[in-house]
Every structure is written in C-alpha cells, then in structure tokens.
Amino acid sequence: MSSTSRREFLKLGVGSVSAFVLAAAEGRSGAAAEPIFRTPEMIDRFTDPLPIPEKLKPYGKRKDADLFRVRMVEFRRQLHSQLPPTRLWGYEGQYPGPTFEALRGRRVEVEWENHLPLEHLFPVDTHLHGAMPPAPVVRVVPHVHGSRTDSLSDGLPEKWFVPGASVRYQYPNDQPAATLWYHDHAMSITRLNVYAGLSGFYLLRDPQELSMNLPSGAYEIPLALQDRMLDDGAQLLYAPTEDDGTAVPRGMWGPQFFGNLPLVNGALYPYLAVEPRLYRLRVLNSSNSRFFRLFFNLAQSPTDIPSLVRFHQIGSDGGLLPKPAPLERVLLGPAERADLILDFSGLEGRTVTLSNNAPAPFPGWSLLRPLHEPLPELMQFRVTLPRSSARTFSLPAPIDLPRMKASDAVTTRDFVLSENMDDKGRSLGMQIDGKAYADAVTELPKLGSTEMWRFINTTDDTHPMHLHLVQFQVLERRGFDFGVFVRQQGKLQLVGASRPPAPNEAGWKDTAIVNPNEVLILLVRFEGYTGRYVYHCHMAEHEDNDMMRPFEVVA
Ligand code: C2O
Ligand code: CU
Ligand code: CU
C-alpha cells in the first residue's frame with residue numbers, strides 16, 4: 001500500500017482499519033484468535049514532530065531544596081496524528097513524564113500522589129509473588145533510577161501505595177551530573193505500570209558539567225526509546241511471549257515483551273528538524289525487554305547499505321566518561337543511558353535516521369532468526385534549519401575519574417542467573433542464585449566498603465543487571481566453562497581473555513549487561529546510606545518474577 005493510499009485509508013476511521021487488520025492477521029496466521037494489532041506498515045513514518053517532555057516546575061523552594069508535586073493519572077493522548085487517542089498512565093498526565101532538572105547539592109523533595117483509577121489498564125497476573133490477593137491490582141511506587149538516596153525514599157517494590165494515597169520522598173542529589181530517570185517499581189507489576197506510561201527523565205546537573213560548553217537549551221534533546229503494541233482502536237496491548245516467540249495466554253506473565261512499534265518520547269516515528277551544528281542527545285532505553293543497537297544513518301531506507309554518521313558518547317548511566325568515546329553504534333539494554341554528541345554540521349539538507357539493528361530477543365544466539373519485529377527505524381533528524389546563532393558548543397575535555405581496582409574489593413559475591421522451565425519449555429521465571437525475592441536477605445555489604453560482584457549468566461538471554469543506591473564500575477567480562485559449571489555444582493572456571501569495559505563503559509554505571517555464558521564483574525562501593533535496597537535484572541518481565549533480590553547495607 002502506498003503511503004498516500006494508506007493515509008487515505010486510515011482516514012476512514014477505526015472500523016475500517018479493524019477490518020483491514022483482521023484480514024491481515026488472518027492472512028498471516030490463518031487464525032483470528034490472537035489479539036488484532038497494528039503493524040508498522042499501517043503507520044506513516046516521520047510525519048509528526050518529536051515531542052520534548054516538559055520541565056517539571058517546583059511548587060516551592062527552600063534554602064537548600066526544591067519542592068515538587070507529581071500526580072499519577074490516567075489520560076488519553078494521540079501517539080500519532082493519524083491515530084485516535086490512546087489511554088495511558090502518566091506522571092502529571094504526560095507520557096513520558098515531565099523532566100526533573102536537578103542541581104548537585106540541592107535537594108529535591110517530591111510529593112508523589114496516586115490519582116489512578118481502581119482498575120488496571122492491563123490484566124494483572126495474580127499468580128506472581130507480591131501480586132497475589134489481597135494486594136490491590138492498582139498500586140504504584142516511584143523510583144529514581146541511579147539516584148543515591150536513603151532507603152526510605154528509594155521506592156522499594158514492596159513500599160507500594162494505592163489510589164488516594166501519596167508519599168513524600170527526598171533526593172539529596174549528592175552525586176555527579178548524570179542522565180537519571182524515574183519510573184514505577186511496584187512489586188510484580190512494574191512491567192505493567194511502566195508499560196502504561198509511568199517513566200520520565202531526571203537530569204542531574206553540576207557546576208563542572210555546566211562549565212563545559214556542551215550543547216544546551218534547544219540543542220540538548222532527551223530521547224526515551226520504547227516499544228509498544230497497539231490494538232485496532234490504537235489502545236496499548238500488553239502481549240508478552242515465551243522465549244520461543246509463542247504468545248502467552250492473555251493476562252498471564254511471560255518472560256519477555258517485544259512491541260512491533262517504536263516510540264520516541266511517546267510518539268510513533270517522529271522527526272526533529274535540526275540546525276547544522278552539535279547536538280547533545282540524552283538517550284534512554286525505557287523499554288521492558290528490548291535492546292537497541294543504535295546508529296545514525298544517512299541512507300534513504302533501512303534496506304540500503306548504511307551510511308553512518310559517527311558520534312561521541314560523553315556520558316554513561318552515572319555521569320560523564322573520562323573522555324568522549326568516538327562511536328559508530330551504541331548498544332543499550334533496558335534502563336541504560338547514553339549521553340551523545342552528534343555533529344550535524346556539513347549535513348545541510350540531509351536526513352539522518354536514528355536506526356537500530358539489535359535482534360529481539362537479544363542476543364538471540366540460539367535462534368535461527370530474530371523472532372520479533374526488529375524496529376530498524378526509530379526517528380528522523382532533518383538538517384533543515386539555518387544556524388540561528390553564532391554560538392558554538394564543544395565536546396567535553398577529559399575529566400579525572402579514578403578507576404577502582406580489583407584489590408580494592410574486600411569481598412567477592414557470585415550471583416548465578418538462571419531460568420526455570422517447565423517440561424514443555426515454558427518459562428516459570430528467572431532467578432538469582434535460585435532464590436525468590438521474598439527469601440531472606442543474604443547480601444549485607446558494609447557501608448563504605450568496596451566489593452566485587454560477579455553475575456554468572458547461565459541463560460540464553462542477555463540481562464541488564466542493575467543495583468540501587470550505587471554507581472559502579474565494570475571491571476571486566478569473562479567467558480566461563482558451562483560444562484564444568486553444570487558438572488561440578490556451580491564451579492566457576494573462567495575461560496578466554498578478560499574483556500575490560502569499552503571506552504563508552506569506562507565511567508559510572510548503574511546497569512550493565514551480561515551476555516549468555518558470560519560473567520560480568522563489577523566493582524561496587526557501598527556509599528551514602530545503610531538500609532535495604534534491591535538489585536535486579538532490568539528486563540521488567542524478569543524483575544517482576546523473581547530476578548530481583550534485596551541487599552542491605554550495614555554499618
Ligand atoms: Cu530502574 Cu530497580 O530500577
Ligand atoms: Cu534503580
Ligand atoms: Cu533478565
């Protein structure tokens with residue numbers, strides 16, 4: 001269908017669209033039992049401008065603190081100008097939520113208020129621990145991801161609250177400037193709450209960064225990348241799948257979710273008109289399960305030979321890198337961020353497509369072909385604006401970032417990542433060390449100490465492992481002998497060369513990926529607070545079903 005006829009067609013309205021999708025779905029699968037969803041071909045690309053999330057305004061100020069109020073509400077908004085409005089959950093009625101702008105050393109206090117309805121947008125699987133009755137289906141707890149915060153303000157999964165209730169959380173912002181983000185974390189329904197729309201940016205700035213002449217104002221663009229699925233009425237469809245790609249019965253937990261439609265800042269295939277100059281892109285993967293391997297492509301179509309625009313990564317999850325890393329592609333697992341500088345000068349009149357070639361599931365080594373829509377195109381940058389001012393920006397100068405050493409670690413803790421299967425090959429959930437979230441705390445690091453944490457991946461998936469409270473450093477990644485591991489009750493025999501972090505991972509991280517058959521080795525300093533925190537895989541489906549454990553920092 002040509003783009004014009006598709007547009008005409010969509011104008012006919014929801015009823016006719018549904019007839020088309022129904023036909024398409026039947027043609028594809030020979031059965032109409034599956035939910036009817038929109039395919040990417042049905043949506044015109046690059047017709048809508050990129051939305052930039054609003055900055056959240058404080059309602060009050062104190063000497064050392066800014067006071068905010070954030071209401072979680074249900075609302076409707078169009079995800080694309082050709083679609084009817086979609087029912088969403090959002091902070092302050094926005095999707096993504098409004099952006100916090102925080103300054104190092106100035107405390108942020110937030111009154112988080114739950115004004116959501118009593119019914120969830122999606123069916124809740126009440127078999128999962130923590131989601132069983134009498135737990136109400138609608139409950140929330142916000143978490144600022146990457147923030148060093150007292151346990152009471154961390155947003156622990158079990159600290160959820162119901163519609164009509166609120167909490168007051170404090171964020172001291174006593175850490176370097178970084179691209180942080182916030183999202184819901186309610187026990188065993190995080191995947192549903194985040195999917196419904198509950199996430200946003202939390203940009204922490206500091207004097208060092210502000211003195212650096214980085215692109216700012218209209219030249220600093222946050223980009224939240226997510227995948228979604230829509231039904232014939234343009235409503236969100238949450239349809240997780242088994243590892244082999246088959247559908248999970250409706251309303252049941254599944255080990256992964258991959259949407260067939262890409263959203264950037266809550267818009268389907270948007271575009272941004274830019275000037276021929278440096279831009280700073282704050283990229284966040286806030287998808288449930290999907291990885292993105294991003295590149296900036298000058299080619300006209302995803303099937304043409306790519307023509308890449310090189311760029312620099314200047315920051316990772318927890319702040320600026322020691323020095324900018326020149327890159328052609330950047331891989332982001334769920335929850336990872338990349339602070340990028342892209343130079344559009346010399347590209348006047350050209351179109352640059354933000355593109356992706358990460359398979360879903362990732363890395364999909366055991367599969368002959370990716371099982372889910374690859375989402376090769378996400379958005380366009382069009383270099384059509386004239387340079388509106390003589391102001392120039394620059395890449396940051398190298399900064400001093402002390403590298404932690406293995407010998408700093410007083411303890412080594414090993415964590416085995418595994419997947420439980422039933423006899424039909426269906427996933428029963430993922431685990432860390434074969435334990436459930438509700439099992440007693442086993443990790444009690446001492447305040448102020450440095451430890452080595454090793455994540456040993458025995459599954460077929462790459463997992464983005466995240467720790468609350470801290471920013472850590474990646475020491476190395478190693479292979480291990482799986483045969484020895486199985487035969488000798490978990491004996492870890494490292495094989496192959498040590499792989500130190502790539503230059504774009506050589507800074508502070510709070511989430512790092514571990515591939516199948518690999519050990520991810522981190523150095524972690526437990527600073528700031530004693531108390532209970534959590535660590536988990538950030539694939540939301542995994543963390544909701546026991547790939548999450550508590551730890552407690554002790555004095
Ligand atoms: Cu993004 Cu437990 O967090
Ligand atoms: Cu977090
Ligand atoms: Cu995982």
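Residues numbered from 1 in each chain as written. Chains lettered and ligands numbered in written order. Predicted model: local features only at pLDDT ≥ 70, side-chain atom pairs only at ≥ 80, totals over all residues. Heavy atoms only, no water.

J.: What is the right way to look at the overall build of the protein chain in this model?
T.: Across its full length, the protein chain carries six helices and 32 strands. Taking 24 Å as the expected radius of gyration for a compact globule of 555 residues, we find that the protein chain reaches 23 Å, a close match to that expectation. Within the protein chain, the fraction of its 555 residues that count as buried is 59%. A separation of at least 24 residues holds for 78% of the contacts in the protein chain among residues at least 6 apart in sequence. As displayed, the protein chain offers around 21100 Å² of accessible surface, 55% of which is attributable to carbon and sulfur atoms. Distance between charge centres in the protein chain, computed from 58 positive and 64 negative side chains, equals 4 Å. (Helix = DSSP H or I, 4+ residues; strand = E, 2+ residues; numbered from the N terminus. Rg over C-alpha atoms; globule rule 2.2 N^0.38 Å. Buried < 20%, exposed > 50% of the residue type's maximum accessible area, 1.4 Å probe, protein only. Contact = heavy atoms within 4.5 Å. Areas by Shrake-Rupley, 256 points an atom, 1.4 Å probe, with all protein chains shown as cover. Lys, Arg positive; Asp, Glu negative; His and termini not counted. Charge placed at Lys NZ, Arg CZ, Asp CG, Glu CD.)

J.: Help me understand the layout of surface pockets in this model?
T.: Over the atoms rolls a probe the size of a water molecule, and its path tells where empty space is left. In this structure, the second largest pocket spans a volume of roughly 390 Å³. When residues in the lining of the second largest pocket are grouped by element, the largest group, three residues, is from strand β19 (residues 330-332). Classifying every residue of the lining of the second largest pocket gives eight nonpolar, three polar and nine charged. Each of domain 1 (3-30 + 402-553) and domain 3 (217-382) gives at least three residues to the lining of the second largest pocket. (1 Å grid on protein atoms, 1.4 Å probe; cavity = no way out; pocket = protein on both sides within 12 Å on 5 of 7 lines; lining within 4 Å. Points joined across faces, edges and corners; volume = space filled by probe spheres on them. Nonpolar A, V, L, I, M, F, W, Y, C, P; charged D, E, K, R; others polar. Domains from an automatic or database assignment.)

J.: Would you take a moment to explain the pairing of strand β5 (residues 97-103) for this structure?
T.: Side-chain direction in a regular strand flips from residue to residue, so the side chains alternate between the two faces of the sheet. The buried count for β5 comes to five of seven residues, which makes it a mostly enclosed element. Of the pairings in the sheet, the one linking β5 to strand β10 (residues 199-205) comprises five bridges and is parallel in character. When the sheet's bridge partners are listed, glycine 97 is paired in β10 with glycine 200. (Pairing = 2+ DSSP bridges.)

J.: Looking at this structure, I do not really get the coordination of the copper ion (ligand 2). What am I missing?
T.: Six octahedral donors around a metal ideally subtend angles of 90 or 180 degrees, whereas four tetrahedral donors ideally subtend 109.5 degrees. With distances of 1.9 to 2.0 Å, the protein atoms coordinating the copper ion (ligand 2) are His143 (NE2) and His466 (NE2). One end of the pair, histidine 143, is in strand β7 (residues 142-145); the other, histidine 466, is in strand β26 (residues 463-467), with 323 residues separating them in the sequence. Residue classification places histidine 143 among the buried positions, given a relative accessible area of 1%. (Donors = N, O, S within 2.8 Å, 3.2 Å for Na, K, Ca; no water.)

J.: Just to check I follow, could you spell out the coordination of the copper ion (ligand 3) for this structure?
T.: At the metal site, the copper ion (ligand 3) is ligated by His463 (ND1), Cys537 (SG) and His542 (ND1), and these contacts range over 2.0 to 2.1 Å. Spacing between the donor residues of the copper ion (ligand 3) along their common chain follows H-x73-C-x4-H. With histidine 463 in strand β26 and histidine 542 in helix α6 (residues 540-544), this pair connects stretches of sequence that are 79 residues apart. Histidine 463 sits in the buried class, given a relative accessible area of 0%.

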